[in-house]
Amino acid sequence: MWKRAVCTKDCPDTCGLLVKVEDGTITKVKGDPEHPYTQGFICKKGARFPEHVHGAARLTTPLKRTGPKGSGEFAPITWDEALDEVAANIRRVADEFGPEAVLPYSYAGHMGVVHRFAGHAFFNKLGASRLDYTICSAAAIAGFNASLGSGPSTEIQEAAGADLIVIWGSNTLVTNVHAWPHFTKARKDGAKIVVIDPYRNHTAREADVHLMLRPGTDAALALAVMHVLIEEDMIDHGFIAAQTIGFDQLKERAGEWPPSRAAEVCGLSEAEIVEFARAYGTARAPYIRTGWGPARQLAGGMAMRTLCLLPALVNAFAKPGGGITRSLGGAPGTAPSLIRDDLRPAGTRTVNMVHLGHALTELADPPVKLLYNYLSNPAAVAPQSAQVMAGLAREDLFTVVQEMYMTDTAKFADVILPGASFLETGDLYRCYGHNYVQIGRPAIEPVGDSRSTLDIFQGLAKRLGFTEEVFSLTEEQCIERVLAESAGSPYLKGVDLDALRRGEPVRLNIPANPFAEGFKTPSGKVEFFSQAMADQGLDPLPDGTPVRDPEGGDAYPLEYLTPPHPLLLNSAFNEVESIRERTGGPRVLIHPDTASARGIAQGMTVRVFNGRGQNTARAEVTEDTRPDLLVAEGLHWPNQKPGEGSNQLTSQRLTDMGNTCAFHCNKVEVEPVG
Ligand SMILES: Nc1nc2c(c(=O)[nH]1)N[C@H]1C(S)=C(S)[C@@H](COP(=O)(O)OP(=O)(O)OC[C@H]3O[C@@H](n4cnc5c(=O)[nH]c(N)nc54)[C@H](O)[C@@H]3O)O[C@H]1N2
Ligand SMILES: Nc1nc2c(c(=O)[nH]1)N[C@H]1C(S)=C(S)[C@@H](COP(=O)(O)OP(=O)(O)OC[C@H]3O[C@@H](n4cnc5c(=O)[nH]c(N)nc54)[C@H](O)[C@@H]3O)O[C@H]1N2
Ligand SMILES: [Mo]
């Protein structure tokens, strides 16, 4: 029997799925042809969901540590024993050190609004430290919103009518593949595709033009483009006068960035910049798809804020097919009655999730004594792994890991709680790459003895004597709460909730071109000059000065990027053996000049290192990267190689805006091994 499902992975596409269930087992997964946006095709990862759910790697029973920390030695225990043990340790730590000594750590393993946030009320009631959920998109959001305002941006389908598509720091073919048919439709009608990315990724290979700029130099490039647009008068004076603030100051600032100056900063030629600026300025309908890449830099907020001003100069919003996409959808949010922020004691401290390594090894008053990890794999995904691993290895840290597989984080647990997958749970899925929302219902029973996140927190709440009603609601009741408490949202106005309840994908009430209706900035206009940024001590105008990884100086002359891998989803899908084999393990792209200067040949094992750590990988000598840049796609499970992984090389430094991790801002050196 085929059943409808929704992909829960942290990806902008949130695909409509059809899953084939035979004897309580998922045997096949394909795209739902009736999903208006994802239209019946899915990625290579999604096709492996049967193995992801039923594979040998799946954890099916609670486990308790029997060997030293990190040894991976565990013995099965019952759920009662597991929950009693976890509850007793939470009580012990809270009594002895105060509840803030408990740190919850979670992210996006399950994107449904019920299960993703199912721990919040529990930790609020406990008074545990709060987690600041900044690891992914906060800089991109802060930067974009400072210029164009909050809320959804141009719907991707609009781009089918564009004549110039600029893919700016997004590996669309890998991380947002359902956008591609709309881009190729435009291309059939003559549109050109420009990719702006430091390396020739899958998307750049398919582009008409690739601007292979140095990482962290997007603001400089955008300012030079503005320089040309203004100097050659390719701008919309009427729109600028009516709908923007700070143009005169912007004009002065852009004046400081002639293409010759940006060319040097960006590592591009002057001609490339001028040609791109003219193409953008003269396009009938220029469209930009911006990814998260430019914002994963120390000056990432500024980069995003600057590049997203380009459509305002030419008023791309008024040109059918034109505009800019950062994020879409986003509704409905969670329900306050499910999160219960009101239960949290006033003044409870907040820990930025980027700073996990610091929090586990250096934080005092109180120190973290209990880590409760769920829906995340920080040993692989959090920056500066050496410090994260030192924290996880602490004998006096009690670690709970709720997981589906024996990840590197799970290996360091005291108790492992086996989590049920999205195909075994019901939830409501909003999305950040299209404007549809959908409810997925369990296709099969939880595999083995696994339990949903909601079930697990309710079991713990009972043991701790928490009696609020939220700790006894069913999945369906939670979904109804979310709908009821979001009823006032304009995005849900007129939405067919019965169709939604039947499991159909339903379009939210969000215009395809929301910028035509104005800008949700403090001034209600596009802000070339941002008083809000000035108030935060930031430059109120776009600034093109790159900010580099300050550590190590000349000892580490190369930049290092760690973008997504086509077959992995952050660190997930490593557990699927057929996928792990196909990735071939960690690889690093090295330019031929860089390789030969260091005696590195194709296929050699190399060591990439800096002051924070090292990672070994197979050398892929290729002109797909710049001479000053190494690229390592994907977060491979380092658990076959202890103490390694791309995040050994990244830092916990925060971005200029949004307090995100500058994952793509690292200085390194590379040498052959042995
Ligand atoms: N297959 C697959 N899909 C995924 C994911 C995955 O891991 N694998 N991850 C999911 C998640 S959680 C997210 S947030 C999204 C992320 O999706 P993307 O936005 O596509 O990913 P990013 O890591 O932000 O990197 C995008 C591109 O930015 C480039 N880049 C890095 N630094 C710079 C810079 O300074 N300037 C410019 N112009 N480009 C730069 C990188 O080389 C990369 O090609 O993808 C989601 N989809
Ligand atoms: N170097 C570097 N680091 C990065 C990035 C990068 O580009 N470069 N990208 C960053 C980004 S954009 C993000 S969003 C973060 C992502 O950080 P995470 O959200 O931690 O990403 P995942 O690796 O997908 O880990 C999710 C974990 O949840 C588990 N899981 C999945 N579904 C379920 C479920 O239903 N129940 C339970 N119990 N567990 C489940 C999976 O097995 C997996 O181990 O990583 C960041 N880290
Ligand atoms: Mo992300």
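Residues numbered from 1 in each chain as written. Chains lettered and ligands numbered in written order. Predicted model: local features only at pLDDT ≥ 70, side-chain atom pairs only at ≥ 80, totals over all residues. Heavy atoms only, no water.

The name given to the protein in an unreviewed UniProt entry is Putative dimethyl sulfoxide reductase chain YnfE, with the source organism recorded as Pseudodesulfovibrio hydrargyri. Note on the protein: under the UniProt heading Sequence similarities (unreviewed entry), the record states "Belongs to the prokaryotic molybdopterin-containing oxidoreductase family." Under Cofactor (unreviewed entry), UniProt gives the following word-for-word description of the protein: "Mo-bis(molybdopterin guanine dinucleotide)". (UniProt positions renumbered as here; feature names shortened; annotations may be inferred.)

Colleague: What am I meant to see in the packing of helix α9 (residues 218–231) against helix α14 (residues 300–307) here?
Modeller: As a packed pair, α9 and α14 sit with axes 8 Å apart at the nearest point and diverge in direction by 25 degrees. Accordingly, the angle class assigned to the pair α9 and α14 is roughly parallel. Two packed elements cross with a definite hand, and for α9 against α14 that hand is left-handed. On α14, the residues that touch Asp218, Ala219, Ala222, Leu223 and Met226 of α9 are Met302, Ala303, Thr306 and Leu307. Looking at the contact of α9 with α14, its residues break down into seven nonpolar, one polar and one charged. (Axes fitted to C-alpha atoms, helices over the stretch in contact; angles between N-to-C directions. Helix = DSSP H or I, 4+ residues; strand = E, 2+ residues; numbered from the N terminus. Parallel < 35°, antiparallel > 145°, perpendicular 65-115°, else oblique. Left-handed = near helix turned anticlockwise from the far one by under 90°. Contact = heavy atoms within 4.5 Å. Nonpolar A, V, L, I, M, F, W, Y, C, P; charged D, E, K, R; others polar.)

Colleague: Help me out: how do you make sense of the site of ligand 1 in this one?
Modeller: Around ligand 1, 35 residues are found, and the nearest of them are Asp197, Asp218, Gly293, Leu568 and Asn570. Residue lysine 45 places a side-chain N or O atom 3.3 Å away from a nitrogen atom belonging to ligand 1. Between ligand 1 and histidine 565 there is a distance of 3.0 Å, counted from a nitrogen atom to a backbone nitrogen or oxygen. When the free accessible area of ligand 1 is taken as 910 Å², the share hidden by the protein chains comes to 98%. Looking at the shell around ligand 1 residue by residue, the class counts come to 18 nonpolar, twelve polar and five charged. (Near = heavy atom within 4 Å. Polar contact = N/O pair within 3.5 Å; in protein donor to acceptor, adjacent residues only side chain to side chain. Areas by Shrake-Rupley, 256 points an atom, 1.4 Å probe, with all protein chains shown as cover.)

Colleague: Mind showing me how you'd approach the UniProt feature "domain: 4Fe-4S Mo/W bis-MGD-type" (unreviewed entry) in the protein here?
Modeller: In the numbering used here, UniProt assigns the feature "domain: 4Fe-4S Mo/W bis-MGD-type" (unreviewed entry) to residues 1–57. For residues 1–57, the end-to-end C-alpha separation is 25 Å, with 11% helix and 33% strand making up the annotated structure.

Colleague: Please explain the side chain of asparagine 315 as it appears in this structure.
Modeller: You can see asparagine 315 is positioned in the loop between α15 (310–314) and β13 (323–325). Asparagine 315 has contacts with Asp236 and Phe239, leaving out every residue within four places of it along the chain.

Colleague: Looking at this structure, I do not really get the site of ligand 2. What am I missing?
Modeller: Neighbouring ligand 2 are 29 residues; Gly109, Ser376, Glu403, Thr562 and Ser571 lie closest to it. A distance of 2.9 Å separates a nitrogen atom of ligand 2 from a polar backbone atom of valine 381. Against a free-state accessible area of 920 Å², the protein chains account for coverage of 97% of ligand 2. Classifying every residue of the shell around ligand 2 gives 13 nonpolar, twelve polar and four charged. Structurally, the shell around ligand 2 is a two-domain feature, drawing no fewer than three residues from each of domain 2 (63–136 + 332–497) and domain 4 (553–672). (Domains from an automatic or database assignment.)

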